[in-house]
Amino acid sequence: EKDRLHVQAIVNQLNPHFINNALQWLQVRVDDDKEAVKVIGKLSENISTVFKNSRKQINYHSLREEIQLTNNYLFIQKCRFGDKLNVEVPSHETLTMLETFNVPIMMVQIHAENAIEHGIRNNDNGGGTVGIEVTDNGDSFIISVSDDGIGRERSKIIGSKGTQNGTKMLTEIEKIFNKQNKLKISQQYIDGIYTDSEGLSYGTKVIIT
């Protein structure tokens, strides 16, 4: 019961976590703007989802719901960055195959936000690609979130402020669930997944099992 309440307390902090950046941007776009109306629609879907789960004290949901939450967030960011941002997400068929799997709320979306706010936003051209893949690994499934941003080390050097608190909270949730999980949830970071023409590495991938 103590662990359940701990997880719920963390989730309650995560719920509004992704809203701030989008709302700040919307403040200057809302006036008679069709694109802004679409963004508000996606944002409303996400707010409805997280608050519904919060009211029911549910701290996990289906992988399909989590990917939809993430897709809505990425749609908002596509409007923000325009053609500079490319997004690659799992197909409808893939999600249908994995429909019965559950994940902690925000586990994918927070990493997608990290990829944009820490990595891609700091690229010289202000753009890049975020890719999300889901694969069935037999007794588990694997979600990867990758980006071609500046990478975590350079992000630290320039003092980029993004979703560190969100990542820490996800790690706390992982530890609590893993007290009872026979097959453990894990999150692994791989830095420098790409190399440029000068031999410098960049990009990040997070692998969630």
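Residues numbered from 1 in each chain as written. Predicted model: local features only at pLDDT ≥ 70, side-chain atom pairs only at ≥ 80, totals over all residues. Heavy atoms only, no water.

Draft legend 1. Just the nonpolar core, in detail. The biggest cluster of nonpolar side chains holds 30 residues, and the ones touching the most others in it are Leu63, Val130 and Ile143. Sorting the residues of this core by element identifies helix 4 (63-81), helix 6 (109-119), strand 4 (128-136), strand 5 (141-147) and strand 7 (201-208) as the ones contributing at least two each. The leading source of residues in this core is helix 4, at 6 residues. If you look at the next biggest cluster of nonpolar residues, it comprises 6 residues, including Val7, Ile10, Ile173 and Ile176. (Core = buried A, V, L, I, M, F, W, Y, C linked by side-chain atoms within 4.5 Å. Buried < 20%, exposed > 50% of the residue type's maximum accessible area, 1.4 Å probe, protein only. Helix = DSSP H or I, 4+ residues; strand = E, 2+ residues; numbered from the N terminus.)

Draft legend 2. Structural detail: unusual backbone geometry. Not every positive phi belongs to a glycine, and methionine 106 is a case in point at roughly 75°. Secondary-structure assignment places methionine 106 in the loop between strand 3 (102-104) and helix 6.

Draft legend 3. Structural detail: the environment of cysteine 79. The residue cysteine 79 is located in helix 4 in this model. Residues cysteine 79 and glutamate 35, spaced 44 residues apart in sequence, show a C-alpha to C-alpha distance of 7.3 Å.

Draft legend 4. How the structure looks around the sheet that holds strand 5. Spatially, the 5 strands line up as an open sheet ordered 2-4-5-7-6, and their pairing is mixed. Each having just a single partner strand, strand 2 (85-88) and strand 6 (187-195) make up the two edges of the open sheet. In this sheet, neighbouring strand axes are inclined to one another by 15° on average, regardless of whether the strands run parallel or antiparallel. Against the sheet, helix 4 touches strand 2, strand 4 and strand 5, its axis set at about 170° to strand 4. Against the sheet, helix 6 engages strand 2, strand 4, strand 5, strand 6 and strand 7, with an angle of about 15° to strand 5. (Pairing = 2+ DSSP bridges. Axes fitted to C-alpha atoms, helices over the stretch in contact; angles between N-to-C directions. Contact = heavy atoms within 4.5 Å.)

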